[in-house]
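Take a look at the letters that make up each chain.
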Amino acid sequence: MPKAFMTRGLSIAALAAAVFLASCTTKEPEAPPPPPPPPPPVSLNEGVAQAASIYVAFLREAETIQPGGFPDAESIQAAIRKGASYEPAQLSRGLIAYGSIIALQSPEFVAGVRQFAADPVQRQQMIAQIVADPAYAATLPGADAAAGLITATIGKDAVAMRAIAEAVEADAYTVQERNDPRRRWAVAHVPNREVRLEGAKTLSAATMLPSGDESSRLFTAANTGQGLSVEASRKAPPYTPALTRSLAIAALAALGAAGDEARANTDALVVETNSEFCLNMSKLMLFQCLAASRPAYEDMFCLGRHVARDLATCTTQAVLTTSITVGDPEETSTPPAAVSPVSVTLTQTPAPSPTASLNTSPSSSR
């Protein structure tokens, strides 16, 4: 057999063997696609914490009004100045911002929202849905737990202010009694009435500055989910517009979508017309009350009714009910004829115009 023929045969055999061995080799599996990136951490911007600090700092200061036993007429004026020192829109925004930070103290709500954040597409869809319709946040898992924390915590402020109101209003009777040593100055007319009225208006329009300490504390609490003293509670829907907006901001934060880059969204969500209307009407009635008041005990009643009681009423409205009577004299005993000039009432209906006129007039019995 020719040598060339043998060489060619061996080559063919080697090639066939190589092909056979290659066919027996197991294919390496394709590498799986990389996992999606983890969702961003819980994030709430400092602007929300600063807005919340305005509400918290003011309410804590208002709660220091000492009811009963005012030693002189000036102590009443000092309390009025303290209670009137809020700009209604800022206080309303602060209340909603504070509610969102309280909601972030609920591990159940945060975990319920974050389970939808693992899929980047679903996360973006949820963010868009919440921004378009804040009420969507109220349908998320754990919303009732977060709503319960908000209503219980803010409700404590309302209870505290209502207790102050009742004590101050009651003292407006007591100070008139003949055996009360304060009666002499209490029945005297307030000097410079126009000046003190303009002073209250000026304080009401002044921009409120955030508290640095409170802002820092609230910012940390929002982004860590701990640090506030809250008690577990649940509240089933329906929710008020203000409460819904607090939940919406908290839900965005839980999705990692309420940081500095989302400031426009959170700034929009803290605006709620019902809450602002209530506080604005309270201020207008305070001004009418002070304009009608003559003796110091009537100013005392203005303080109780249109500072302390209305603050309690407006905070209650914000988180619990959408129909409220601001400064309703039926909530407590109607003041005697001597203090009737300071009883001014307004019934608020749901979602009224923020520019609705005040259709009330002070009554007078001298």
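Details of the structure are given in the entry above.
Residues numbered from 1 in each chain as written. Predicted model: local features only at pLDDT ≥ 70, side-chain atom pairs only at ≥ 80, totals over all residues. Heavy atoms only, no water.

Q: Could you give an account of the state of the cysteines, with specific residues and numbers?
A: One pass over the full model with this rule turns up two disulfides. Disulfide partner of Cys289: Cys302, at an S-S distance of 2.1 Å. Measuring the twist about the S-S bond at about -95°, one finds the Cys289-Cys302 disulfide to be left-handed. With Cys289 in helix α13 (residues 273-292) and Cys302 in helix α14 (residues 296-319), this pair connects stretches of sequence that are 13 residues apart. In this pair, the class of Cys289 matches that of Cys302, namely buried. Sequence-ordered numbering of the bonded cysteines in the protein gives a disulfide pattern of 1-4, 2-3. (Disulfide = S-S within 2.5 Å. Helix = DSSP H or I, 4+ residues; strand = E, 2+ residues; numbered from the N terminus. Buried < 20%, exposed > 50% of the residue type's maximum accessible area, 1.4 Å probe, protein only.)

Q: How would you explain empty space enclosed by the protein if you had to name every residue and give the values?
A: This model, assessed by the stated rule, comprises two cavities of 30 Å³ or more. Within this model, the second largest cavity holds a volume of roughly 30 Å³. In this structure, the second largest cavity is lined by Leu91, Leu95, Ser275, Leu279, Cys314 and Thr315. Listing elements by their share of the lining of the second largest cavity, those giving two or more residues are α4 (88-103), α13 and α14. Tallied by class, residues from the lining of the second largest cavity come to four nonpolar, two polar and no charged. (1 Å grid on protein atoms, 1.4 Å probe; cavity = no way out; pocket = protein on both sides within 12 Å on 5 of 7 lines; lining within 4 Å. Points joined across faces, edges and corners; volume = space filled by probe spheres on them. Nonpolar A, V, L, I, M, F, W, Y, C, P; charged D, E, K, R; others polar.)

Q: Give a description of the packing of helix α2 (residues 46-62) against α4 that names residues and reports values.
A: Axis separation between α2 and α4 bottoms out at 7 Å; the angle between their running directions is 110°. It follows from the interaxial angle that α2 and α4 lie roughly perpendicular. Residues Val48, Ala49, Ala51, Ala52, Ile54, Tyr55, Val56, Phe58, Leu59 and Arg60 of α2 form the contact with α4, whose own contacting residues are Gln90, Leu91, Gly94, Leu95, Ala97, Tyr98, Ser100 and Ile101. Taken together, the residues of the contact of α2 with α4 break down into 14 nonpolar, three polar and one charged. (Axes fitted to C-alpha atoms, helices over the stretch in contact; angles between N-to-C directions. Parallel < 35°, antiparallel > 145°, perpendicular 65-115°, else oblique. Contact = heavy atoms within 4.5 Å.)

It is worth stressing that arrangement in space is one thing and function is another; only the former is reported here.
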